[in-house]
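Residue-level structural notes
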Amino acid sequence: MTDTAVRPGETASQPPAHPLDPATAAEYLAGREIMAAAGLLPEEGGAPVRFAYYGLEEPPKDDVLAGRETGRRLRAFLVNTDTGESTDVVVSVTDGQVVSARRLDPRTDGQLPIIDSDFAAVDEIVKADPGWRAAMARRGLADMSKIRACPITAGAFGPATDDDRRMVRVLAFVMNREHDLAWAHPVDGLAAYVDLIEKKVFKITDEFELPVPAESGDYDDEAVRGPHRTTLRPIEITQPEGPSFILNGPWLQWQDWSMRIGFDAREGLTLHQISLHSGGHERPVIYRASIPEMVVPYGDPRFRYWQAYFDTGEYLCGKWANSLELGCDCLGEIAYLDATVTDDSGEPRTIPNAICVHEEDFGILWKHTDIFNGSAQSRRQRRLVVSYFTTIGNYDYGFYWYFYLDGTIECEIKATGVVFTSAYPGGDHPYSTEVAPGLAAPVHQHLFSARLDMTVDGLANAVEEVDVSGRPIGPDNPYGNAIVQEVTRLTRESQAGRRADGARGRTWRIISTERENRFGRPTGYTLYPESAPVLLADPASPVTARAGFATNHLWVTRYDPAQRYSAGDFVNQHPGGAGLPAFVAGDRDIDGTDIVVWHTFGPTHMPRLEDWPVMPVARCGFTLKPTGFFDRNPTLDVPPPSPHCQAD
Ligand SMILES: [Cu+2]
């Protein structure tokens, strides 16, 4: 086993070689100095101005593809924690200048994301509040050292006086001893509304009292889990000649695939310029792939109706990335990349081994035993895996991208960790599952949004919706066995907000409008959705207004460098309407032009008993398969795994 980590610190003093390379520690520091010199960061040291986001402002696609010198830019969201003043800043590190600084209006723009120091501040604020302490005391909870305060983004539900505040809503959990699992002991019926600028509790909702569930959920305590089983024998993965990929900084090449790896505090892992080497040249497939938003709306309509996390736009998924351990999180010949993000003060922070790159055997690629010529052949499938894991509160999410020998691309998200909990009210409560005595896990959805900036054989792409259906008996179909494909070209943005339809096997084919295969048909890639439910909240609900992206499985937009986030740039307490519904309002032409495909996917999670106290990974995702992109099976040249694996 090897650990061939690439340490960005080694090259921090040099400018990155490629315009899409992640921002370096040196660039973050330089950018912060530019902001300080421009008066955007008053009072160095103990400063009230904090970085709610800080990352690379990628140059527009046209400039990158044309090889134009663009310079390096960074974007920062600055929030003054004394006044609430919020600013969206872009600086040019190359020119040493502030490019733009826009003051936000919270009533129309919403609030900047939660910052690290909000967590500690909220704990102090609620524990100092007499009203909240009295409500806890009524529940027999007087020892504040055992209480864990959980700040939850507020959404936008009115009244306007609440929505104008930079605020969170706080639920509480009890941690009886060191290492106890607090999520097993929710304090229900009570929420504190905290103003993060005034630094006080401005409202308490105290609607009912239920006993704090008592059973321990500490899954690492032998009294809970029992003794470790002793029947698992070792599995070792070895590649005696090393892996088949080449990782040169963030540039990755494996078999016919090549791509650039990026990482962002908000989006996490980003993949750029994914292409296939075929027929002697590079064929682009996706210019940029990422998961720029996700929402986890909960389905309990009682006092916690506001619970809906936009983990990416409100909490910044990438910032909470885990450091991965060889032999624990990843097995075999692993190459790691570090990620560089910043803390609240814009100080660079390296997350060692944040991104994992490795190669996996994936069972049979193709196989046939021929009844006529006696040939028996087997080939092994392999995939290249690029992944990272992040922890957002109670949940942990792994984001995995797979690239296969046959040109298939998959995105898989692994959801694990601990389900969010409440007290079980008893009786027939339809909104949650009782997972331990008196402990409930409310129903919720995890809806992810993939942004796929497609470049199938170039910029000129179009999307076709493909359904399959049987045909009724008729003169051309006398025995009723006919099956046909129905192909509908999606030509305008207004027409391309689509839902999956499992009964029709609905897929979406992204085609080149310039390049053809050997039968004169457009080369393409097909998106296979999972056809799980979209957002189930009522169309008139506040959460639907804010998570408009999640009301369709598919959106297609004309490329616009400013349209990056599915729920809009500013998600926290946004009143709604931003992101994809706004992007498509102009109803642009999407036929034979530079387009972006957006895909909503993810499970509706009615927790099972087996999800408690820690949840086995639940998978979701989507697949992109070449469809007439190649002229035949592109893996005929894969050799048998061993000479004895074929018979002629
Ligand atoms: Cu879940």
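Provided above is the structure to which this section pertains.
Because the structure is predicted, anything quoted here is derived from the model rather than measured. (Residues numbered from 1 in each chain as written. Predicted model: local features only at pLDDT ≥ 70, side-chain atom pairs only at ≥ 80, totals over all residues. Heavy atoms only, no water.)

**Topic: a nonpolar patch on the surface**
A contiguous nonpolar patch, built from Ile 235, Ile 237 and Leu 331 and spanning about 290 Å² of accessible area, is present on the exposed surface. With respect to the secondary-structure elements, Leu 331 resides in the loop between β14 (308-309) and β15 (335-342). By relative accessible area, which is 40% here, Leu 331 ends up partly exposed. (Patch = residues over 30% accessible without salt bridge, like charges linked within 9 Å, V, L, I, M, F, W, Y side chains within 5 Å. Areas by Shrake-Rupley, 256 points an atom, 1.4 Å probe, with all protein chains shown as cover. Salt bridge = Lys/Arg side-chain N within 4 Å of Asp/Glu carboxyl O. Helix = DSSP H or I, 4+ residues; strand = E, 2+ residues; numbered from the N terminus. Buried < 20%, exposed > 50% of the residue type's maximum accessible area, 1.4 Å probe, protein only.)

**Quick word on the coordination of the copper ion**
Protein-derived ligands of the copper ion are Tyr 395 (OH), His 444 (NE2), His 446 (NE2) and His 605 (ND1), with the metal-ligand distances lying across 2.0 Å. Of note is the copper ion, whose four donor atoms meet at the metal with angles of 97 to 139° in an arrangement that counts as irregular. Read N to C, the donor residues that coordinate the copper ion are spaced as Y-x48-H-x1-H-x158-H. Here Tyr 395 is found in strand β18 (residues 395-404), whereas its partner His 605 is found in strand β31 (residues 604-605), with 210 residues between them in sequence. Its relative accessible area of 10% is what places His 605 among the buried residues. (Donors = N, O, S within 2.8 Å, 3.2 Å for Na, K, Ca; no water. Tetrahedral: all angles 85-135°; square planar, octahedral: opposite > 155°, others 65-115°.)

**Focus: the sheet that holds strand β4 (residues 97-103)**
Strand order in the open sheet formed by four strands is β1-β2-β3-β4, with antiparallel pairing between adjacent strands. Two strands close off the open sheet at either side, each with one partner strand: β1 (49-57) and β4. The mean inter-strand angle of the sheet, taken between neighbouring strand axes irrespective of direction, is 20°. Relative to β4, strand β3 (residues 86-92) runs antiparallel, the two sharing six bridges. The partner of Val 90 across the bridge, within β4, is Ser 100. Helix α1 (residues 25-37) contacts β1, β2 (73-80), β3 and β4 of the sheet and is inclined by roughly 125° relative to β1. (Pairing = 2+ DSSP bridges. Axes fitted to C-alpha atoms, helices over the stretch in contact; angles between N-to-C directions. Contact = heavy atoms within 4.5 Å.)

So far we have only geometry, and geometry alone does not tell us how the molecule works.
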